[in-house]
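Residue strings, one per chain:
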Amino acid sequence: MTFLENIFSLINMRSFSSVWFWIVLALYWSAASQFVMGASFDLIMRARRDQGQNLHDLEMLVGIHVRRKLSLMRRAGHWIVAFTAAVLTLIVLLAFVYWLEFAQAVFLLVFPMTLVRLMELRMSFRIERESLQGDKLCRALLRHRFWVQLVGVIAIFVTAVWGMLYVLSRSALSF
């Protein structure tokens, strides 16, 4: 195969009719809702129940995550926002102007996760501003996890509907 044939086969890659795409989608959102601000869900629940060492571990772990995220955003936030906007624009153009199935699948994975990252950034600023600790920190993390799960459920639903419509329209039109 020539180089152009390889590129063409990559562009025509099937995503919505591949079981691997759906496995990646499920694992992607499972991991996003399992780890909240760097801490696992079970650590949050143990810290809420037992207090003591588990709460101290949670506060330290979340504190490290918050400081790292905010430090990065304060140093290079403008560049990160510009790069993210450029990449999302490229993906949107490939997906919805050129109608590439692979780009549509990537967009349906990346865009909702970008929203989750913005939610994490907002939560980081809140944790720093209010110096959340103890039970207030646990409640804030659990509330944040709820919103991440809600975004995930909506994203999975939209992806499933879009993928179903895409596959049905492609098979009905024999493309």
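Residues numbered from 1 in each chain as written. Predicted model: local features only at pLDDT ≥ 70, side-chain atom pairs only at ≥ 80, totals over all residues. Heavy atoms only, no water.

**Student:** Go over the pattern of salt bridges, please, and point to the residues and values.
**Tutor:** Inspection of the entire model under this criterion finds 9 salt bridges. In this structure, Glu128 and Arg74 form a salt bridge, with 2.7 Å as the shortest nitrogen-oxygen distance. On the criterion of sequence distance, the pair formed by Glu128 in helix H5 (residues 101–130) and Arg74 in helix H4 (residues 52–96) is long-range, its members being 54 residues apart. Arg74 gets classed as exposed once you look at its relative accessible area, which sits at 51%. One salt bridge in this structure joins Arg126 and Glu130, with 3.4 Å as the shortest N-O distance. With a gap of 4 residues between them, Arg126 and Glu130 both fall in helix H5, about one helical turn apart. Relative accessible area serves as the criterion here: at 39%, Glu130 is assigned to the partly exposed category. Within this structure, Arg48, Asp135 and Arg139 form a network of salt bridges that share partners. (Salt bridge = Lys/Arg side-chain N within 4 Å of Asp/Glu carboxyl O. Helix = DSSP H or I, 4+ residues; strand = E, 2+ residues; numbered from the N terminus. Buried < 20%, exposed > 50% of the residue type's maximum accessible area, 1.4 Å probe, protein only.)

**Student:** Describe unusual backbone geometry, with residues and values.
**Tutor:** At Met37, a position not held by glycine, the phi torsion is positive, near 55 degrees. Within the element layout of this structure, Met37 appears in the loop between strand E1 (35–36) and strand E2 (39–40). Owing to a relative accessible area of 0%, Met37 belongs among the buried residues under this scheme.

**Student:** Go over the packing of aromatic side chains with me, naming the residues and quoting the values.
**Tutor:** This structure, assessed with the given rule, holds 10 aromatic pairs. Pairing Phe96 with Trp162 gives two aromatic rings, centres 5.8 Å apart and planes at 80 degrees, and the pair type is edge-to-face. Of this pair, Phe96 sits in helix H4 while Trp162 sits in helix H6 (residues 134–172); the two residues are 66 residues apart in sequence, bridging distant segments of the chain. Residue class for Phe96 comes out partly exposed when judged on its relative accessible area of 29%. By relative accessible area, Trp162 is classed as partly exposed at 30%. Three or more aromatic residues joined by ring pairs form one cluster here, namely Phe96, Trp99, Phe107, Phe111 and Trp162. Its guanidinium or amino end placed over the ring of Phe41, Arg145 lies 3.7 Å from that ring's centre, counting from NZ or CZ. (Phe/Tyr/Trp six-rings, centres within 6.5 Å; stacked < 30°, edge-to-face > 60°. Lys NZ or Arg CZ within 6 Å of the ring centre and 35° of its normal.)

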